[in-house]
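Chain by chain, the residues:
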Amino acid sequence: MNPAFSESIDSPNDMLVDSDDLLVDPENEKDDVAIINPDSDAESSLRADNYEAMSDFVLPPLPEDPPALAEGHHTWHIEQWRNAPRREHGPVFEVGGFPWRVLMFPFGNNVDHTSFYLEQGFPDGEPPDDYVCCVQFGLVLWNPNAPEIFTHHTAHHRFTKEEGDWGFTKFVELRKLWNTPWDSSGRLLVEDDAANMTAYVRVVKDETGVLWHNFQNYDSKKETGYVGLKNQGATCYLNSLIQSLYFTNAFRKAVYQIPTQDEETLQNSAYALQRLFYQLQTSNNAVGTNELTKSFGWETKHIFEQQDVQELSRKLMERMEEKMKGTDAENVLPKLFCGKVRTYISCINVEYESRRVEDFWDIQLNVSGNKTIEESFKDYIQVETMDGENQYFAGDQFKLQDARKGVVFESFPEVLHLQLKRFQYDIDHDAMMKINDRYEFPETFDATPYLCQEADLTEPWVYQLHGVLVHSGDLNAGHYYAFIKPNKDGWFYKYDDDKVTKATLREVLEDNYGGEYIVNGQTQLSKNSTPIMRQNSAYMLVYIRQTRLEEVLLPVAKEDTPAHLQRRLDEEAAYREARRKEREEQHLYLSVKVITEDTYKAHGGTDICNFDVSPEDSAAPKSYRLLRKSTIRDLAEKVGEDTNVDPRRLRLWCMVNRQNKTTRPDAPVSDSNMSIEEVHQRHLGTKAGELRLWAELAEDVNSEGEGIWPGQPVISNGVIHKNDLILLFLKWFDADAQQLSGAGHIYISREKKVEDLVPVILKKMGWPERLPSGDKLQLRIFEEIKPNMIEPMKAKQSLKAAEIQDGDIICFQKAPDTKSPESDRESPKNTHSDRVDDARLFYDFLVHRRQVRFHAHPTRNANPEEYDPFSLVLSAKHSYDQVAAKVGDKLGVDPTHLRFWTVNATTGNAKASVKRGPSQTLQTILNPAYSTFSNNNQRADALYFEILDISLSELDTKKSLKVIWLSEGITKEDQYDVLVPKNGNVDDLIAALIKKAQLEDETTAGPIRVYETHSNKLHKELPRTYAVMSITDYVQLIAERIPEDDLNAAGTQFIPAFHFQNEPNKAHGIPFKFRIMEGEKFSDTKKRLEKRLGIKGKNFEKIKFAVVKRSSYSKPIYLSDDDVMWDVATQDDDMLGLDHVDRTRVIRNGAGDLFLR
């Protein structure tokens, strides 16, 4: 019964009570709350004062069948019902050593029913902290004067300190107590305001520690010593298999012996499995399988699709066996999991036998038609007699002979994996179905009867159950979990994803046999009286040979795990712990970034600093994480230590964000004893996430070594004299080196003119006043107002008039000639040259600078591996041709032959070709002006390039077509992108394909035909004169040589053929045309089909052939060898259908067949 909590319900200890939709009305009751209809025949013969009979009635057998520890009952005589308080407690009574009482709400617990609950009866309602008691109980309300009138409810619950009460909010409607006669006698349930309430209590044993557990705050490691695996989406099948292999200790130890120290990468599945096993061994919490599935090469679509466990197990074994070659564990897996089976045909009347011995890693046992694994083994090795028309050909000497055919096991492995065939094809439903038949398996079984006579019997072949892998649900939706016995003796445990619990033998065996749901020997029936079938059943069993239990389940100690693995995982655990501690203590710390003289000089961009660059960059500000109570002096000492400067020469300025979105120093911190938190709040407020400062370095110091600051007010004769000095930052644009760099800072009077900056800058830079030619060195001076606003300054204007203030940036460059400063006012002209001679143009380049990564297109270039990826620094203003010129120069190819492709941000694959146009720029290529579904997932820093055989302008006259070329029947297909003139036809298409695919011409090798397909079915064959512009993008083009048989056949002799799986609307594969012949039996037609398809042997034998009506897709008419297809396929719209499994299927979410990278 599921509890529901409501704040409006008045009950002790925030009592959990049943929600309104769970109780009272027998028709609406949940199955786990046994409500008996008062009008039923079984109840009519009972009397409430017959306590023994009533106990049997209200305490029926439970599905879990827990052993009873104690039973008892107690009757509370309720009087003056109508005068009772809102809630009332009955007397305390004892059952099983625990106190109990009944809690009553006479007029309902906020409902129009009376409410009754069973409650623990400890003094003051406070049970011990470790209080746990599992109880089955029934509450019976009855008329003491007429005991045959009663009503009851039953339930079971795990009573704990947190959930100390359980019962029925809607026990019985109030109107039925006093107003409505209970039965034909006309008597009421409550007469004279009195009634009896009898509580029947059965305390049961909690064998596993989780009986009726709600699993809130459940700790698997604490309760069982083991941890589970997290479910990524639909990976429960993987989790159950991994746990089974993990607890096969010899396998785990062998995996640890794989040398992975030189390949510690998550691309290595062996290393990923080692990590997973070690984490299962050492972790206190459930472990994730993300690393393992990534090592398999799985994507999200594979995570959300349940795969075949047997196939996964085999592939994983193969991969690990491959990794173990050449190691100490090379032969461990075959020894553990590999047995030998003999297939034989033995003649009855002559001495002749043919036999073949093969290895097996698991055994598939038929469930259908068998009741136990012993019956399945007998079915597996049953002998078939070959006689009559089915006689065996025993060579030229003995010819045809009667013979016995069968299989027998030569040996079984130490660990026996039995795959139970729970999923089989149902011919009636024409679909795969789950077999829910009851199928029993023992805790131990003897495999000797299934061995050959020559088998080694020196040790018994008795196997003990180690694991049961269970599937719950049906074919299309279900859940997987496992029961595993980790040790030779002891308990089984249930591994259900991230939860591990102890399990009883009944849960392991009986509950997983499948079949009808049986409780205490009784088949449980549904409402329509049909047996209820179990949805959970075993699909894989793991047995271990008893004589090898010690070897297989040997202890795996810490020293068995690779040292490098322990070291790496311990380091990662320590890092995670440090990060956790950092997050917990984050409120105590403040992040501080400090700009120093060196970082400013290394800064080559706009503003004072880029706070987002990598910490390894020399221009990156110094980063610190300090306690909020740390002082500015403490911070200065750290900065001084990092920059090898006396901290007394440092003064820290607060950086503020200006309205023009720049960040500049605003004011120095006057008191070095202030805490950094106080500075942060006072200057920046609480919204700023980090404290940003500039560390000013004093050029001069006083006698005590403390810095002298030019901007400080001067105190003379007790009078404070403010000076008019302002702080300016200098930047030098070096036109020769084509770079911008910080040039330190200066103090200057705001009354000075702009031209007065020149000598100060020359002194700062250490430049002479005159050039070697004797001419005066002239500077061009600009103010960097913001990144896209760089203004030239007037030489004769004062700094005050120019509105220059503290923290402004002055940029200068050497003048290229001796022009007057007035000429600086001219607007710059961009000649599109790579060299920039004007600082303003260089700033413009910085604003639009983009670093783009170029990769060779992996499928559209002839040899993409020849071109390594490279990066170019470009301008977002560059046109398509300018970008092509840069890339062409880097590659050494003609830029007119370059086509670019955008990059999918999620997959990294090529997305769409870039259109060349006069208005196309790098900005519009990487960041389209509009946002649609097609371009919002595009990388803004990368492009693919394709080197074309022709120029882009010529390409515009061509139409690109994708063509699939079939070379060996229809089994081998190659896709080509061909370019055909837009005014061309299919003839031109074929000529282009021959050239692209380097095929022999039609004269030599035979004519080629092209046809369109849609949804894996033939659409039409294209005439040679068909215009290529009429071919749409919504069809697939197929080209092939015309088979010799088809060359001279008339059109009426062809039938379109296609592939499907089970149903004609599930088409797949390459469709084709096939010639049919009048009067030809289908047995002969199949021979031609085999040749036409290029499919041979068993793969061809698995194909079923049918005639399908194109229009209606009515049920396929399957063909037998004696049929004549000419006579069956009589309509023009008939098609030949090939029914077989789609090996390239895309199931539900696009995941293909199971694979491991």
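Residues numbered from 1 in each chain as written. Predicted model: local features only at pLDDT ≥ 70, side-chain atom pairs only at ≥ 80, totals over all residues. Heavy atoms only, no water.

Going by an unreviewed UniProt entry, the chain carries the name ubiquitinyl hydrolase 1 and comes from Venustampulla echinocandica. The heading Catalytic activity (unreviewed entry) in the UniProt record of the chain holds the text "Thiol-dependent hydrolysis of ester, thioester, amide, peptide and isopeptide bonds formed by the C-terminal Gly of ubiquitin (a 76-residue protein attached to proteins as an intracellular targeting signal)." Heading Subcellular location (unreviewed entry) of the UniProt record for the chain holds this comment: "Nucleus". (UniProt positions renumbered as here; feature names shortened; annotations may be inferred.)

Comments concerning the environment of Phe 159
Tracing the backbone shows Phe 159 in strand E9 (residues 146-160). The sequence separation of Phe 159 and Tyr 131 amounts to 28 residues, and the corresponding C-alpha distance is 7.7 Å. Residues in contact with Phe 159, not counting those within four places in the same chain, are Trp 100, Leu 118, Tyr 131, Val 132, Cys 133, Val 135, Phe 137, Gly 164, Asp 165 and Trp 166. (Helix = DSSP H or I, 4+ residues; strand = E, 2+ residues; numbered from the N terminus. Contact = heavy atoms within 4.5 Å.)

Some words on the sheet that holds strand E50 (residues 972-981)
Spatially, E50-E49-E53-E51-E52 is the arrangement adopted by the 5 strands of the open sheet, whose pairing is mixed. What marks the edges here is a single partner per strand, and that holds for E50 and strand E52 (1017-1021). Within this sheet the neighbouring strands show an average axis-to-axis angle of 35°, counted without direction. In the packing of helix H25 (residues 986-997) onto the sheet, the strands contacted are strand E49 (958-968), E50, strand E51 (1008-1014) and strand E53 (1036-1041), and the crossing angle to E50 comes to about 120°. (Pairing = 2+ DSSP bridges. Axes fitted to C-alpha atoms, helices over the stretch in contact; angles between N-to-C directions.)

Quick word on the sheet that holds strand E33 (residues 663-668)
Read across the sheet, 5 strands follow the order E31-E30-E34-E32-E33 without closing on themselves; strand pairing throughout is mixed. A strand with exactly one partner marks an edge of an open sheet, and here the two such strands are strand E31 (622-627) and E33. Sheet twist, expressed as the average angle between the axes of neighbouring strands with direction ignored, equals 40°. Examined bridge by bridge, strand E30 (residues 589-595) and E31 share 6 bridges and lie antiparallel to one another. Note that in E31 the partner of Leu 590 across the bridge is Leu 626.

A short note on the packing of helix H7 (residues 269-282) against helix H16 (residues 563-584)
Viewed as axis vectors pointing N to C, H7 and H16 meet at an angle of 65°, and their least axial separation amounts to 11 Å. In this view, H7 runs roughly perpendicular relative to H16, as classed from their interaxial angle. H7 and H16 meet at a crossing whose hand is right-handed. Judged by residue contacts, Tyr 271, Gln 274, Arg 275, Tyr 278 and Gln 279 of H7 engage His 564, Leu 565, Gln 566, Arg 568, Leu 569, Asp 570 and Glu 572 from H16. For the contact of H7 with H16, the class distribution of residues is 4 nonpolar, 4 polar and 4 charged. (Parallel < 35°, antiparallel > 145°, perpendicular 65-115°, else oblique. Left-handed = near helix turned anticlockwise from the far one by under 90°. Nonpolar A, V, L, I, M, F, W, Y, C, P; charged D, E, K, R; others polar.)

Structural notes on unusual backbone geometry
One non-glycine residue, Asp 497, lies in positive phi territory at about 55°. Within the element layout of this structure, Asp 497 appears in the loop between strand E25 (492-496) and strand E26 (499-503). Using a relative accessible area of 11% as the deciding quantity, one classes Asp 497 as buried. (Buried < 20%, exposed > 50% of the residue type's maximum accessible area, 1.4 Å probe, protein only.)

Quick look at the confidence of the model for the chain
A residue-level look at the chain finds 89% of positions with pLDDT of 70 or above and a mean pLDDT of 83. At the level of individual helices and strands, the chain shows its lowest average pLDDT in strand E1 (residues 3-4), which scores 37, and its highest in strand E11 (residues 195-204), which scores 95. Across residues 1-42, confidence stays below pLDDT 50; counting only partners more than four residues off in sequence or on other chains, it has 89 contacts. (pLDDT = per-residue confidence, 0-100.)

Topic: the pairing of strand E44 (residues 849-856)
Burial along E44 is one-sided: the face carrying Arg 850, Val 852, Phe 854 and Ala 856 is buried and the face carrying Arg 849, Gln 851, Arg 853 and His 855 is not. Bridge analysis of E44 against strand E48 (residues 942-947) gives 4 bridges, and the strand direction is parallel. What sits directly across from His 855, in E48, is Tyr 944.

Topic: the side chain of His 156
The residue His 156 is located in strand E9 in this model. The class for His 156 is buried, based on a relative accessible area of 14%.

Considerations on the pattern of salt bridges
Under the counting rule described, the total for this entry stands at 62 salt bridges. A salt bridge links Arg 47 to Glu 148, with the shortest nitrogen-to-oxygen separation between them at 3.6 Å. In this pair, Arg 47 is assigned in the loop between helix H1 (41-44) and helix H2 (51-58) and Glu 148 in strand E9, connecting sequence segments 101 residues apart. In this structure Glu 148 comes out as partly exposed when scored by relative accessible area, which is 37%. The salt bridge involving Arg 101 is made with Glu 119; its shortest N-O contact spans 2.9 Å. With Arg 101 in strand E6 (residues 98-105) and Glu 119 in strand E7 (residues 113-120), this residue pair connects regions lying 18 residues apart in the sequence. (Salt bridge = Lys/Arg side-chain N within 4 Å of Asp/Glu carboxyl O.)

Observations regarding the pairing of strand E8 (residues 132-143)
Burial analysis of E8 places 11 of its 12 residues in the buried class, the great majority of the element. Where E8 lies against E9, 12 bridges are found, and the strand directions are antiparallel. Across the sheet, the residue bridging to Val 132 is Thr 160, located in E9. Connecting E8 to the antiparallel partner E9 that follows it, the hairpin turn spans 2 residues. Of the strand pairs in this sheet, E8 and E11 are connected by 9 bridges, and their pairing is antiparallel. Each residue of the ladder has a partner; that of Gln 136, found in E11, is Arg 202.

A short note on H7
In an α-helix, one turn spans 3.6 residues, which is why side chains three or four residues apart end up on the same side. Between the first and last C-alpha of H7 there are 20 Å, a value that for 14 residues agrees with the 20 Å anticipated at 1.5 Å per step. Listing the buried residues of H7 in full gives Ser 269, Ala 270, Tyr 271, Ala 272, Leu 273, Gln 274, Arg 275, Leu 276, Phe 277, Tyr 278, Leu 280 and Gln 281. In this structure, the buried residues of H7 make contact with helix H4 (220-224), helix H5 (236-246), helix H6 (249-256), helix H8 (290-295), helix H10 (309-324) and H16. (Expected span 1.5 Å × (residues − 1).)

Digging into the nonpolar core
In terms of nonpolar packing, the biggest core is built from 56 residues, with Ile 242, Phe 251, Leu 273, Phe 277 and Met 320 touching the most fellow members. In contact with Phe 251, other than residues within four places in its own chain, are Leu 245, Leu 273, Phe 277, Met 317, Met 320, Leu 333, Leu 336 and Phe 337. One finds Leu 365, Trp 461, Val 470 and Val 508 within the second-largest nonpolar core, a separate group that totals 40 residues. (Core = buried A, V, L, I, M, F, W, Y, C linked by side-chain atoms within 4.5 Å.)

Some points on the packing of H5 against H7
Running from amino to carboxyl end, H5 crosses H7 at an angle of 75°, the nearest separation of the two axes being 11 Å. When the interaxial angle is binned, H5 and H7 end up roughly perpendicular. Only Leu 273, Leu 276, Phe 277, Leu 280 and Gln 281 of H7 make contact with H5, whose side of the interface consists of Ile 242, Gln 243, Leu 245 and Tyr 246. For the contact of H5 with H7, a count of residues per class yields 7 nonpolar, 2 polar and no charged.

Examining the packing of aromatic side chains
Aromatic rings in a pair are described by how distant their centres are and how their planes are angled relative to each other. Counting across every chain of the model gives 55 aromatic pairs. Geometrically, the ring pair formed by Phe 412 and Trp 461 is edge-to-face, given 6.2 Å between the ring centres and 65° between the ring planes. Placement of Phe 412 in the loop between strand E18 (403-411) and strand E19 (415-421) and of Trp 461 in the loop between strand E22 (444-446) and strand E23 (462-473) is noted, with a sequence separation of 49 residues between them. Linked through ring pairs, Trp 81, Phe 98, Trp 100, Phe 107, Phe 116, Phe 122, Tyr 131, Phe 137, Phe 159, Phe 168, Phe 171 and Trp 178 together constitute an aromatic cluster. (Phe/Tyr/Trp six-rings, centres within 6.5 Å; stacked < 30°, edge-to-face > 60°.)

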